[in-house]
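Residue-level structural notes
So you can see what is in the structure, the chains are spelled out below.
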Amino acid sequence: MARTFVVIGGDAAGMSAASKAKRDAPDTEVVVFEKGQWVSYGACGLPYYVKGEIETLDDLVAMTPEQFAERGVDLRQHHEVVDVDPEEQVVTAVHDGETVEQPYDDLLVATGASAIVPPIDGVDLDGVFTLHSMDSAKKVKSYLTQEGSVPEDEFLEGYGAEVHDYLTAKTPESVGIVGGGYVGLEMAEAFEARGLDVHVFEMLPHVLAPFGPGAAETVEDHLREQGVDVHLDTTVERIDEEAGRVAGVEAGGERFDVDMVLVATGVAPNADLAAEAGIELGETGAIATDEYGETNYDDVYAAGDCAEAHNAVTDAPDHVPLALTANRAGRAIGQTVAGDPTPVGDIVGTAVVKVFDLEVARTGVIDHDEAREAGYDPVSQEITAESRAHYYPGGSDLEVRMTADRESGKLLGASIVGHEGVAKRIDTVATALHADMTVDEVEYLDLAYAPPFSPVWDPVLTAAKVLAGKLE
Ligand SMILES: Cc1cc2nc3c(=O)[nH]c(=O)nc-3n(C[C@H](O)[C@H](O)[C@H](O)COP(=O)(O)OP(=O)(O)OC[C@H]3O[C@@H](n4cnc5c(N)ncnc54)[C@H](O)[C@@H]3O)c2cc1C
C-alpha cells in the first residue's frame, strides 16, 4: 500500500521535502499542513520588499499552491497542527474551527522559528513590529507608506487632541531598531532608503555578534557613515507612546524620539508542538535529530529553523536557522521518505549579509571561547588585502580574519568584510572547512586569478599563509 507522508509547515524545509518525496515516489500520498496562507516563500527577501526593491510579496513566492497541486501534493493552507501523536501516528489540525485528524506513516516537523519579542514595556503599542513572516512585512510596509486617514486640515470638531493626532498620523520619519543582528541591519538599510532617521540599539558591545568584533567594528563605522545612529551596549528599557502610538524609546538612560520600532532580537525555534508530543529537544532548544534528520521517534523527522543540525567544525549539534540548511535537509528527508536514505548534511555556519555598501560574511568557529569549548586551541590572524590587482581600477580593501587550531593547523573559521567579492571568498573557506583542511592546505589551493577579480595571491590565500606562519 502507498505510504502517507505528512508535513507540518509549508515553507523552505516542508515544501522541499514534499516536492522531493512526491517526485521520487509518486505513489506516496503527501499532505502538507500550513497554518497560514503563504507557502514556499523567500523570507530572506522581506527586507528588500520593505525597501522597495522587490515590488510585491508574490514576487518572493518560489512555487504557488496551484503548482504544488499540479505535482500531486495535497496542500492544506490555513490548517494549524495542534497535536502530534507519535504512538498512534496521527496529527490533529484545526481549520476554520473544525478539527481534522490525519494519520501518517512518515512525518516531518518543519514549523520554522518565531521572532523573539523581549518583554519591553510598550512592545504592544501600535507602531511596534517584527519582521519574520510575509504578513509582518506587509504591516511594516503599510505603516511606512501610510497617510493619515483624515487630512491634517479637516475639521475634527468634538474630538480630543489624541484622536485628532491619531487620525492625521503621517508617514513615520524615524525608527528605532532593537537588535543589531543581520535582520536589524538589513532593515536599517531599508528604512534609510525610505528616508527615515534610523537608530539601532544593540545591548552587546557590537552588532553582528556571530561575525566577531573585528568585522563588526568595520560595519559599525560604515553604518555611521551612512547616517545610522548606532547605540552599542545599550538596552532598550521602554517604548513610549502618545495617543496610543509609538513616540520614542528609552534606552541606556536616554530618551530618543522615534515614530516606529522594529524588534529584531533574533528567533527561537517553534519546537513546542514537538516537545509536547514527546519529541526530544537538544541543548539549543531546537529539535534533536540524527544524520538523516530523524528524531527520537522512528519515521518522525524535523528540519529547518525548528531543528538542530550537526556542525562539522565543533562536531556537535548546533542551531543556525538559515535558508539553505532548511532547503537541503527538507530535500534529503523527502528523498529518504521516498526510499533512498539520504543524510541531511553538516553545517559550518556560513552566512553573508549586505549592510548598505558592505558585504559581511562568516563561516566556521571564530569565537575563541567557542573554539576552546569544542576542544581547540585557537589562533587568529587578521589581514587587509586588495580585492583586485593593485594596478586594476575600482578595487577596495578586504579584511580577512582567519582562525585555526594551534596544534593541528586545522582551519576553524573566518570572517570577511569588504565592498566586493566577499561571498565568493567565504564560500572558499566554507568548502575548506567541509574538507577538514589545514591552513597550510588552504594556502596552496589553486584559486582563480585575473586582475579584475583578485590579486595573484587571493586575500584568502594570503590570510592562510600569514596564519600558517604564526602557527609555526
Ligand atoms: C527577514 C529575514 C531575512 C532572512 N534572510 C536570510 C538570508 O539572507 N539567508 C538565509 O540563509 N536565511 C535567511 N533567513 C532565514 C530563512 O528565511 C529561514 O532559515 C527559512 O525560512 C527556514 O525555513 P523553514 O521551512 O525551516 O521555516 P519557515 O520559513 O519559518 O516556515 C515554517 C512554516 O511552518 C508554518 N507553521 C508553523 N507552525 C505550524 C503549525 N503548528 N501548523 C501548520 N503550520 C505551521 C509557518 O506558518 C511557516 O510557514 C531570513 C529570515 C528572515 C525572517
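Residues numbered from 1 in each chain as written. Predicted model: local features only at pLDDT ≥ 70, side-chain atom pairs only at ≥ 80, totals over all residues. Heavy atoms only, no water.

Here we look at the overall build of the chain
Going by this rule: In this description a helix means any DSSP run of H or I spanning at least four residues, a strand means any run of E spanning at least two, and both kinds are numbered starting from the N terminus. As a reference, a globule follows 2.2 Å times the number of residues to the power 0.38, and the radius of gyration itself is taken over C-alpha atoms. Exposed residues in this analysis have more than 50% of their type's maximum accessible area, buried residues have under 20%, and partly exposed residues fall in between, with area computed by a 1.4 Å probe over protein chains only. Contacts are assigned to residue pairs with any non-hydrogen atoms lying within 4.5 Å of each other. The protein chains shown are the only cover counted for residues, whose accessible areas, like all others here, come from Shrake-Rupley with a 1.4 Å probe. His is not counted here, nor are the chain ends, while Lys and Arg score as positive and Asp and Glu score as negative. All charge positions are set by atom: Lys at NZ, Arg at CZ, Asp at CG, Glu at CD.
In terms of helices and strands, the chain carries 13 helices and 25 strands. For a compact globule of 472 residues, the expected C-alpha radius of gyration is about 23 Å, and the chain comes in at 24 Å, within 12% of that figure. Projected onto the principal axes, the alpha-carbon positions of the chain cover approximately 80 × 65 × 40 Å. A buried classification covers 51% of the 472 residues belonging to the chain. Considering only contacts in the chain between residues 6 or more positions apart, those separated by 24 or more positions represent 61%. For the chain, the accessible area works out to roughly 21,500 Å², and carbon and sulfur atoms hold 48% of it. Put simply, the chain has 30 plus and 90 minus side-chain charges, and the middle of one group is 6 Å from the middle of the other.

Description of empty space enclosed by the protein
Over the atoms, a rolled probe matching the size of one water molecule traces out where space is still vacant. Filter applied, for reference: Space inside and on the surface of the protein is sampled on a 1 Å grid over the protein atoms alone, with a cavity defined as a set of points where a 1.4 Å probe fits but cannot get out and a pocket as an open set with protein on both sides within 12 Å along at least 5 of 7 lines; lining residues have an atom within 4 Å of a point. Grid points are joined across faces, edges and corners, and a volume is the space filled by probe spheres set on the points. In the scheme used here, Gly and all other residues not listed as nonpolar or charged are polar, with Ala, Val, Leu, Ile, Met, Phe, Trp, Tyr, Cys and Pro taken as nonpolar and Asp, Glu, Lys and Arg as charged.
A full pass over the atoms with the stated rule returns one cavity of 30 Å³ or more. Volume-wise, the largest cavity comes out at about 130 Å³. If you trace the largest cavity, you find 19 residues lining it, with Gly304, Ala307, Glu308, Ala309 and Thr325 closest to the centre. By residue number, the principal contributor to the lining of the largest cavity is helix 9 (residues 323-337), which donates three residues. For the lining of the largest cavity, the residue count by class is nine nonpolar, six polar and four charged.

Details of the side chain of Arg401
Short version of the rule: Here a polar contact is taken to be a pair of N or O atoms separated by no more than 3.5 Å, where protein atoms must pair a possible hydrogen donor with a possible acceptor and residues adjacent in sequence count only if both atoms sit in side chains.
Looking at the secondary structure, you find Arg401 in strand 24 (residues 397-405). Here Glu399 takes part through its side chain, which lies 2.9 Å from a polar atom of the side chain of Arg401. Setting aside residues no more than four positions away along its own chain, Arg401 makes contact with Gly214, Ala215, Thr218, Gln381, Glu382, Gly413, Ala414, Ser415 and Val417.

A closer look at the site of the ligand
Stated formally: One heavy atom within 4 Å of a molecule or strand is enough for the residue carrying it to be called near that molecule or strand.
The ligand sits among 31 residues. The nearest are Asp11, Glu34, Tyr41, Asp305 and Ala323. Take Tyr182: an N or O atom from its side chain is 3.2 Å from a nitrogen atom of the ligand. Backbone polar atom of Leu322 to an oxygen atom of the ligand: 3.4 Å apart, as the coordinates give it. Calculation on the ligand without its partners gives an accessible area of 1,000 Å², and the protein chains cover 88% of this total.

What about the packing of aromatic side chains?
Each aromatic ring pair is characterised by the separation of its centres together with the angle its planes make. Here is the rule: In this scheme Phe, Tyr and Trp rings, the latter by its six-membered ring, pair at centre separations within 6.5 Å, and the angle between planes marks the pair as stacked below 30 degrees, edge-to-face above 60, and tilted otherwise. Distance and angle both matter: a charge sits over a ring if NZ of Lys or CZ of Arg is within 6 Å of the ring centre and within 35 degrees of the ring normal.
Per the stated rule, a full pass over the model turns up two aromatic pairs. Positioned over the ring face of Tyr49 is Lys141, at 4.0 Å from the centre of the ring. The cationic tip of Lys465 hangs over the ring face of Trp457; the distance from NZ or CZ to the ring centre is 3.8 Å.

Let's talk about the pattern of salt bridges
The criterion, for reference: Salt bridge, as applied in this entry: a Lys or Arg side-chain nitrogen positioned within 4 Å of an Asp or Glu carboxyl oxygen.
Applying the stated criterion across every chain, the model contains 19 salt bridges. Among the ionic pairs, Asp106 bridges to Arg3, the shortest N-O distance being 3.0 Å. Remark: Arg3 occurs in the segment before strand 1 (4-8) and Asp106 occurs in strand 7 (residues 106-109); sequence separation between them is 103 residues. Exposure remark for Asp106: the relative accessible area of 3% places this residue in the buried category. Given a relative accessible area of 39%, Arg3 falls into the partly exposed group. Here Arg238 and Asp240 are joined by a salt bridge, their closest N and O atoms 2.8 Å apart. Accessibility expressed as a relative area gives 35% for Arg238, which makes it partly exposed. A cluster of three or more residues bridged by salt bridges with shared partners is formed by Asp121, Arg238, Asp240, Glu250, Arg255 and Asp257.

Focus on helix 13 (residues 459-471)
As a reminder of what qualifies: Expected helix span is taken as 1.5 Å per residue step, with the number of steps being one fewer than the number of residues.
Look at helix 13: 18 Å from first C-alpha to last across 13 residues, which is about the 18 Å you get at 1.5 Å a residue. Check the buried side of helix 13 and you find it contacts strand 23 (378-386), strand 24, strand 25 (411-418), helix 11 (422-434) and helix 12 (439-443). If you check the start of helix 13, you find a side-chain oxygen 2.9 Å away from the backbone N of Val460, and it comes from Asp458.

Looking at the domain arrangement of the chain
Stated formally: Domain limits in this description derive from either an automatic procedure or a database domain assignment. Note on terms: buried area is the combined drop in 1.4 Å-probe accessible area of two parts once they are placed together, counting the loss on both.
Taken domain by domain, the chain consists of domain 1 (4-36 + 43-114 + 268-337), domain 2 (128-265) and domain 3 (357-471). Once you take the C-alpha centre of each, domain 1 and domain 2 turn out to be 32 Å apart. Facing 17 residues of domain 1, the contacting portion of domain 2 comprises 16 residues. The contact between domain 1 and domain 2 buries some 1,300 Å² in all, and 67% of this surface belongs to carbon and sulfur atoms.

Here's the deal with the pairing of strand 5 (residues 90-95)
As a reminder, the rule being used: The rule for pairing is simple: two strands pair if DSSP sees at least two bridges between them.
Across five bridges, strand 4 (residues 80-85) lies against strand 5 in antiparallel orientation. Bridging from a neighbouring strand, Glu80 pairs with Val94 of strand 5. The loop that links strand 4 with its antiparallel partner strand 5 comprises four residues; one of these, Gln89, has a positive phi angle of about 60°. Alignment of strand 5 against strand 6 (residues 98-103), held across six bridges, turns out to be antiparallel. Within strand 6, the residue paired with Val90 across the bridge is Pro103. Hairpin remark: strand 5 followed by strand 6, antiparallel, with two residues in the connecting loop; positive phi at Asp96, about 55°.

A word on the nonpolar core
What counts here: Nonpolar cores were defined as sets of buried Ala, Val, Leu, Ile, Met, Phe, Trp, Tyr and Cys residues, with membership established by side-chain atoms within 4.5 Å.
Counting 44 residues, the largest nonpolar core has Val140, Ile177 and Phe191 as the members making the most contacts within it. The contact partners of Ile177, leaving out residues within four places of it in the chain, are Gly184, Met187, Ala188, Phe191, Val198, His199, Val200, Phe201, Leu262 and Ala264. Judged by nonpolar contacts, the second largest core, of 32 residues, contains Val313, Met402, Ala464 and Leu467.

A short note on unusual backbone geometry
Backbone geometry at Asp96 places phi at a positive 55°, although glycine is not the residue there. Positionally, Asp96 belongs in the loop between strand 5 and strand 6. Relative accessible area serves as the criterion here: at 72%, Asp96 is assigned to the exposed category. The backbone of Phe356 shows a phi angle near 55°, a positive value even though the residue is not glycine. Relative to the assigned elements, Phe356 resides in the loop between strand 21 (351-355) and strand 22 (358-364).

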